[in-house]
Amino acid sequence: MKKWLLLCGFVGLLLSPQYKVEAVSGSYFDTFMKDAPFWPANTRIEKVPDYSNDYYQLQLAEDSLVTFTFDDPKQGSILVALLQNDGSQDPPSFAFIRTTKDDGDDKKTVQQIQLRAGMYYVRIDGPDGQPYNGVYTVAPTQSSIDVEPNNTAKTANPIPLNTPIKSVGTVAALADYYTFSLDKTSKVTLHTEKYMPHLSDGASQLLYVDVDDDKGHRYLATLTNHAFSKSDVEVLLPGTYTVKVSASDTGYRSDYQFILKTEAINQPETFKNSIFGTTLLPEKEIRGFLSLNDEYSFTLDHEQKVHFTIKTDSSELMSAILTKEDEEGDYRQIFDYQYEQKKGLFTMTAVLKPGNYIIEPSTKWQQVYEVNYTIKYEEVLYIDVPLNYRYANEILALSSMGIIQGHEDGRFKPKNPITRRQVFTMLSRYDDLNLLPIREMIQFKDLMRYSTDYQLISPFYQAGIVDGSTNRMMDLSSNLTRAQLAKILVNTFDLNMQDTSTTFNDVSQKHYAYEYIQILASNGITQGSYGNFMPNEPVSREHFSVFLYRLFEQLKKS
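Residues numbered from 1 in each chain as written. Predicted model: local features only at pLDDT ≥ 70, side-chain atom pairs only at ≥ 80, totals over all residues. Heavy atoms only, no water.

**Q** Explanation requested: the environment of Glu-327 in the structure shown.
**A** Inspection of the secondary structure assignment puts Glu-327 in the loop between strand S23 (318-325) and strand S24 (331-333). Judged by relative accessible area, which is 81%, Glu-327 ranks as exposed. Measuring from C-alpha to C-alpha, the distance between Glu-327 and Gly-355 comes to 10.0 Å, with 28 residues separating the pair along the chain. (Helix = DSSP H or I, 4+ residues; strand = E, 2+ residues; numbered from the N terminus. Buried < 20%, exposed > 50% of the residue type's maximum accessible area, 1.4 Å probe, protein only.)

**Q** Mind showing me how you'd approach the confidence of the model for the chain here?
**A** When pLDDT drops low, the exact placement of atoms in the prediction is not to be read closely. Mean pLDDT over the chain: 86, with 91% of residues reaching 70 or higher. Low confidence marks residues 1-25, where pLDDT is under 50. Its contacts with residues over four positions away, or in another chain, come to 58 contacts. (pLDDT = per-residue confidence, 0-100. Contact = heavy atoms within 4.5 Å.)

**Q** Whenever I open this one, the nonpolar core confuses me. Can you help?
**A** In a soluble, globular protein the nonpolar side chains are often hidden away together inside. Leu-427, Leu-489, Phe-493, Phe-544 and Leu-548 are the most contacted members of the largest nonpolar core, which totals 54 residues. Only helix H3 (392-400), helix H4 (420-428), helix H5 (452-462), helix H6 (482-493), helix H7 (514-522) and helix H8 (541-557) provide two or more residues apiece to this core. Looking at this core element by element, the count peaks at seven residues for H6. Once residues lying within four places of it in the same chain are set aside, the contact partners of Phe-544 are Ile-418, Val-423, Met-426, Leu-427, Leu-485 and Val-539. (Core = buried A, V, L, I, M, F, W, Y, C linked by side-chain atoms within 4.5 Å.)

**Q** What exactly am I supposed to notice about the environment of Pro-354 here?
**A** Within the secondary structure, Pro-354 sits in the loop between strand S26 (345-352) and strand S27 (355-363). Once the C-alpha coordinates of Pro-354 and Thr-299 are considered, the two residues, 55 residues apart in sequence, prove to be 7.4 Å apart. Among all residues touching Pro-354, those that are not within four sequence positions of it are Leu-300, Asp-301, His-302, Glu-303 and Lys-324.

**Q** Can you walk me through the pattern of salt bridges in this structure?
**A** In a structure, side chains of opposite charge can pair up when their charged atoms sit close to one another. Counted according to the given criterion, the structure contains 14 salt bridges. Taking the shortest distance from any N to any O, the salt bridge between Lys-215 and Asp-214 comes out at 3.8 Å. Given the relative accessible area of 62%, Lys-215 is considered exposed. Between Arg-332 and Asp-330 there is a salt bridge, with the nearest N and O atoms lying 3.8 Å from each other. (Salt bridge = Lys/Arg side-chain N within 4 Å of Asp/Glu carboxyl O.)

**Q** Can you walk me through the pairing of strand S18 (residues 257-264) in this structure?
**A** The side chains of a regular strand alternate between both faces of the sheet. Pairing of strand S10 (residues 165-166) with S18 involves two bridges; the strand directions are antiparallel. Each residue of the ladder has a partner; that of Ile-165, found in S18, is Phe-258. Sheet topology note: the strand S13 (residues 186-192)/S18 ladder contains seven bridges and is antiparallel. From the neighbouring strand, Ser-186 faces S18, where its bridge partner is Ala-264. (Pairing = 2+ DSSP bridges.)

**Q** Looking at this structure, I do not really get the sheet that holds strand S7 (residues 118-125). What am I missing?
**A** Pairing in this open sheet of five strands is antiparallel, and the strands run S2-S7-S4-S5-S11 from one edge to the other. Every other strand in the sheet has two partners, leaving strand S2 (54-60) and strand S11 (172-173) as the edge strands with one partner each. Bridge analysis of S2 against S7 gives seven bridges, and the strand direction is antiparallel. Within the sheet, the bridge partner assigned to Gln-59 lies in S7 and is Met-119.

**Q** For this particular structure, what's the right way to read the packing of H6 against H7?
**A** The description of two helices packed together rests on the angle between their axes and the distance between the axes. Relative orientation of the contacting elements H6 and H7 amounts to 65°, with a least axis distance of 8 Å. Taken together, the axes of H6 and H7 are roughly perpendicular relative to one another. The element H6 and its partner H7 pack so that their crossing is left-handed. Every residue of H7 that contacts H6 at Ala-486, Lys-487, Leu-489, Val-490 and Asn-491 is listed here: Tyr-516, Ile-517, Ile-519 and Leu-520. For the contact of H6 with H7, a count of residues per class yields seven nonpolar, one polar and one charged. (Axes fitted to C-alpha atoms, helices over the stretch in contact; angles between N-to-C directions. Parallel < 35°, antiparallel > 145°, perpendicular 65-115°, else oblique. Left-handed = near helix turned anticlockwise from the far one by under 90°. Nonpolar A, V, L, I, M, F, W, Y, C, P; charged D, E, K, R; others polar.)

**Q** Can you walk me through H6 in this structure?
**A** Owing to its 3.6 residues per turn, the α-helix brings residues three or four apart onto one side. Its 12 residues place the ends of H6 17 Å apart at the C-alpha level, agreeing with the 16 Å of an ideal helix rising 1.5 Å per residue. Counted residue by residue, H6 has nine buried out of 12 residues, so it is predominantly covered. Within H6, the full set of buried residues consists of Arg-482, Ala-483, Leu-485, Ala-486, Ile-488, Leu-489, Val-490, Thr-492 and Phe-493. On its buried face, H6 sits against H4, H5, H7 and H8. (Expected span 1.5 Å × (residues − 1).)

**Q** Please explain the packing of aromatic side chains as it appears in this structure.
**A** Two aromatic rings, taken as a pair, are described by how far apart their centres are and by the angle between their planes. What the rule picks out here adds up to 26 aromatic pairs. Between the aromatic rings of Phe-180 and Tyr-241, the centroid separation amounts to 5.6 Å while the plane-to-plane angle is 20°, which identifies the pairing as stacked. Of this pair, Phe-180 sits in strand S12 (residues 176-182) while Tyr-241 sits in strand S17 (residues 239-247), placing them 61 residues apart in sequence. Classification of Tyr-241 as buried rests on a relative accessible area of 2%. Residues Phe-298 and Tyr-357 carry aromatic rings whose centres are separated by 5.3 Å and whose planes lie at 10° to one another, so their mutual orientation is stacked. Placement of the pair is Phe-298 in strand S21 (residues 296-300) and Tyr-357 in strand S27, with a sequence separation of 59 residues. The exposure classification of Phe-298 matches that of Tyr-357, with both residues buried. Through a chain of ring-to-ring contacts, the aromatic side chains of Trp-39, Tyr-56, Phe-68, Phe-70 and Tyr-136 assemble into a single cluster. Geometry around Tyr-461 places Arg-439 over its ring, the cationic atom sitting 3.8 Å from the centre. (Phe/Tyr/Trp six-rings, centres within 6.5 Å; stacked < 30°, edge-to-face > 60°. Lys NZ or Arg CZ within 6 Å of the ring centre and 35° of its normal.)

Shown next as C-alpha cells:
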C-alpha cells in the first residue's frame, strides 16, 4: 500500500495503549534528539522504557549494510524508527523496525538496511515495564543501488536499465525511490517479481511499483503479491523518470525485485503520447500498448458517423469505452453504438454529435498480459465503404448529393445487386430530374393505387422510361440487369450518341438494348470488361453508383 497506509500503521502503533505519546513544544530535534547518546556498533543496549521514547545517535563513516538485532519482548513488540536531521523542526522517519515472531524466531528479530554514510538517529519505543535489548553490526554494502534514505524523489538512487534491481535488507522503509533517464523514445516494460513477505498473513501483503516523470504524470504501475509476477508496458519519451516502490505492511518485509526493460522504437510519431495525451485524426493509425494512459481524444464539429478499428496480434478480445464531454467538462460514457468483436479485431461505429470525445481501448486481462494494438478512426458515411475503397469517391459523391442514403444498419452493401425499386428511388432524388409525361399511368397487378411504390414509378412510366412486363407486373423487387439499366439511364436523361462508338463482344446489333449501350459507351459512362458488356448480369449497387456518377460528370460538361 502507499505511503499513507504505512504512516497510518505507524501512527496507529503510537496511539495504541501500550505506546507513549510525547507532547512536543518547539523544535522536536532540539528537544529529543540533539543530545541523544552515541550508540557504537557491536554494543548492546538494554533498558526498561519509561513514558518517553529513547533516542540514540548512530554514526557511519561510509555506506554500510547495517544489521539490527532485538530480542522479542514477552508481550507486545518494540518499535524502532530511523531518522536523519534534514534541518526541519520535526525530522520525519524514513524506516521502521518492529519486532515480530512471524519471522519464525520467537526470541529475536533480525533486520537489515543499507545506509549512506552520515549521522542517524534511532528512536526506540516498547511496552511499558518490559526491557528491550538490541545491538547492530556494520558491514560493507551488498549493492550500491538500494541505499537508504531514498524515500523521496529528491533522494532517489539512479538505477541502470535492463538490469534486475534487488532490494537489500528487510527494514520497512516508507518507500524506495529510484530514477532513470531515456535519451530516445522507447518502449519501457516494468516487471516485478512475486512479493514474498515473511508474515503469517502474507497473502494480504502487496507491493506497489509506480513510474512517473518530474511533473507527476504516472505511466507504469504494478501491484504484486505472493501469487503472481506483474508487468506493465508504456511508450515513454526522452526524459528523466522516477520509480517508487512501496509495500502495504509496516513490519518485517522480504526483499523485492523489479526490472525496467527498454527497447527503442521506430517512427515514434506513430505512437501514443503518454504525457499530453494522444489526439486521433481521421485515417491516422496510432500504435499503442495497453497501460494506464490509453485515452485517445478527438473532436467533431458536426454530426458524423464515426468508425473505429482496433487491431491486435493478441489472443485477447479487445473492447473500448467511448465518452463525450458534457457541459460541466465531465466525460460521460456513450452506449449507443454498434460493434464487432473477434480475435485480433474490434470495430465500433456510432453516430456522434459535435463535441469532444475520448476512446479508451482495453481487454479483460490487460493487467496480466502485454497487449499491443493499433487504433484508427474514420469519418465515414458507410461502415463498409472506407475512404480507400475502390469506388468510395463515386459512392460518397452521390451520398453528398442526397442520391444515396444507404441502409439503416450504416452499410451501403456495395456488392449487393440493385433492385428496380432502389434504382428509381435514387433517380427520383436527383434535383434536376425533368420527366415529361407522354402517356397516362395504368394499373399494374403488383402496385396498389396511391401506394408509395405507385407514386414512385408513375412519373417514370408516364415519361415512357419504363414499361413493366407483358403480364402487367412492375416487379420493383427484382434485380436490374445491365442492359435494362442502360435503357433506363439513356431515356431518363435523354442521352444522345456521341462521335465515338464501342463494340462489345457480347452485344450484337440485334440486341434490344444495343443502341442504349452504345450511347452509354459513347458518353464514357460504361467501359465494359475485357471487351464485354455482360448485358444480362445484375447491376451491383457500386456499379450503379459508378454509372450514375459518370453520367452526372458528363452532364456537367454538356
